[in-house]
Amino acid sequence: MIMKILAIETSCDETAISIIESHGSHTSRQFYVLSNIVSSQAKLHAKFGGVVPNLANREHQKNLVPVLITALKEAKLYKSQKQKISGALMFQCGEALEREAELAKIFPIIFKITKPIIDAIAVTHGPGLEPALWVGINFAKALALLWEKPLIPINHMEGHIYSALIHQNEKNNSKFKIQNFEFPALALLVSGGHTELVFIKKNGSYKIIGETLDDAVGEAFDKVAKMLNLGYPGGPVISAYAEKGNARAIAFPRPMIHSANLHFSFSGLKTSVLYYLRDHKKYSREDIAASFQQAAVDVLVAKTKQAIKKYGAKTLIMGGGVSANKKLREEIMKSIPDIQIFFPNLSLAGDNALMIALAAFFRKQKSATSIRADGSLRLR
Ligand code: KG4
Ligand code: ZN
């Protein structure tokens, strides 16, 4: 059976829309990426040293319609033609976008687009920044009404898990399969807002067994970069500086590395960097970056090892923006040799809508009538 899903992701500072198509049976399914558009607002938020929720909301409102049109065109699903749309339907779409005034003004452009042949619309409903999530949700609701499609709410973190399971065809990048893996599995999800160890007993069954008690690890990278005047986002630039530095130069703490539980804490590590800068007139940004990165990676690796042992996991799945980190990848591979490990392709480690579309395929509960943004939505 051929199926097409259009997914919308606006949980943070990327406005993303992807359309994917699946062929085949449940056991041997083949996927095709028809489009995967990510419009990043990072440059805009960089001025403020981090993501500003209301600014993200406004930018998503501006970006969604053009990103949708690009996604439809790339997927060859775009046709512009005079449409017969009832006043009542236009009114309903307007109602769905009541709280997104800017988007409501641009939305009528979509009235001129022929209803695309897709089966469902998926949208991230959490976790994330609520003002950002709401734009995507309300946009998805309006589209679902207009095109009479079912609406599937997706947890952003489940998307990150799926991103690691994408196995691209070597000859044709837009073709991929989902990796088979052994249960029970463990996921280490590391991003700007989350640091979570998730136990996956079977398909679709998630249990958070460890998480950060304060800052997320990506947030720590971002804050340290800010302290060193290296801009936003901090992860990529810290890791680049770290390559030229000495990871043993400064003995930063490894918070909770020996605690019996599987939780994390990165706020103390961040503060140690701040104190180091306060107490030293001369320092090497490279050494600080390398020593900080090493401390963060050491904790992530130690806790992951501990969790694998405790839960007898046979597979490790890595996801989220920080899973792009080269040092983290190397140390995970080196320290955890005996089980199967999946990393997302570097281009899919950060936020994207392809992972949301994919998660939607595997959702059991298909359509939902009322969807709300939930900034602190948890995997379960
Ligand atoms: O998953 P993501 O794109 O967005 C959230 O859902 O938060 O993750 C973004 C985070 C940012 O904190 C960014 O600094 C971090 O991922 N990041 C990295 C690297 N690339 C991105 N952290 C460490 N090393 C990297 N190479
Ligand atoms: Zn994310």
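Scoring rules and cut-offs
Residues numbered from 1 in each chain as written. Chains lettered and ligands numbered in written order. Predicted model: local features only at pLDDT ≥ 70, side-chain atom pairs only at ≥ 80, totals over all residues. Heavy atoms only, no water. Near = heavy atom within 4 Å. Polar contact = N/O pair within 3.5 Å; in protein donor to acceptor, adjacent residues only side chain to side chain. Areas by Shrake-Rupley, 256 points an atom, 1.4 Å probe, with all protein chains shown as cover. Helix = DSSP H or I, 4+ residues; strand = E, 2+ residues; numbered from the N terminus. Nonpolar A, V, L, I, M, F, W, Y, C, P; charged D, E, K, R; others polar. Domains from an automatic or database assignment. Salt bridge = Lys/Arg side-chain N within 4 Å of Asp/Glu carboxyl O. Contact = heavy atoms within 4.5 Å. Buried area = accessible area lost by both parts, 1.4 Å probe. Buried < 20%, exposed > 50% of the residue type's maximum accessible area, 1.4 Å probe, protein only. Core = buried A, V, L, I, M, F, W, Y, C linked by side-chain atoms within 4.5 Å. Pairing = 2+ DSSP bridges.

**What to know about the site of ligand 1**
The full set close to ligand 1 counts 19 residues, and G192, D222, G235, G321 and N325 are the nearest of them. In this structure, an oxygen atom belonging to ligand 1 sits 3.0 Å away from a main-chain N or O atom of G321. Measuring from an oxygen atom of ligand 1, one finds a side-chain N or O atom of D351 at 3.1 Å. Summarising the interface, the protein chains cover 86% of the accessible area of ligand 1, which totals 550 Å² for the free molecule. Taken together, the elements giving at least two residues each to the shell around ligand 1 come down to α6 (156-164), α7 (217-227) and α8 (234-243). In terms of residue class, the shell around ligand 1 is made up of five nonpolar, twelve polar and two charged. Viewed by domain, the shell around ligand 1 spans two of them, domain 1 (2-164 + 350-363) and domain 2 (181-343), each represented by three or more residues.

**Topic: the pattern of salt bridges**
Per the counting criterion, the structure on display carries 14 salt bridges. Between D215 and K223 there is a salt bridge, with the nearest N and O atoms lying 3.7 Å from each other. One network of salt bridges, with partners in common, ties together D215, E219, K223 and K270.

**A word on the domain arrangement of the protein chain**
Domain parsing of the protein chain yields domain 1 (2-164 + 350-363) and domain 2 (181-343). The centre of domain 1, based on its C-alpha atoms, is set 30 Å off from the matching centre of domain 2. Taken together, the contacts link 17 residues of domain 1 with 17 residues of domain 2. Buried surface at the junction of domain 1 and domain 2, both sides included, amounts to about 1300 Å², of which 68% is carbon and sulfur. The largest per-residue losses of area from domain 1 upon contact with domain 2 belong to M157, I161 and A164, which jointly make up 44% of the total buried on that side. On the surface where domain 1 and domain 2 come into contact, there are three residue pairs in polar contact (both at pLDDT 80 or more). Every element with two or more residues in the side of domain 1 that touches domain 2 is listed here: α1 (42-46) and α6. Element by element, the count of residues in the side of domain 1 that touches domain 2 is highest for α6, at six residues.

**Quick look at the side chain of E59**
Counting through the fold element by element, E59 comes out in helix α2 (residues 53-74). Residue classification places E59 among the buried positions, given a relative accessible area of 11%. Beyond its immediate chain neighbours, meaning those up to four positions away, E59 contacts Q41 and L44.

**A few points about the nonpolar core**
Counting 47 residues, the largest nonpolar core has I238, F252, F292, L316, L328 and I332 as its most contacted members. Elements with a minimum of two residues in this core: β8 (185-190), β9 (195-200), α7, α8, α9 (267-279), α10 (285-311), β11 (315-319) and α11 (326-335). Ignoring any residue separated from it by four or fewer positions in sequence, one finds L328 in contact with V190, V297, L300, V301, M318, V322 and S323. By size, the runner-up hydrophobic cluster in this structure holds 41 residues, among which are V67, L68, L89 and L97.

**Overview of the pairing of strand β2 (residues 14-24)**
The buried fraction of β2 is high, at nine of eleven residues. Note that strand β1 (residues 3-9) and β2 share seven bridges and pair antiparallel. Paired with A7 across the bridge in β2 is S18. The antiparallel pairing of β1 with β2 creates a hairpin that spans four residues between the two strands.

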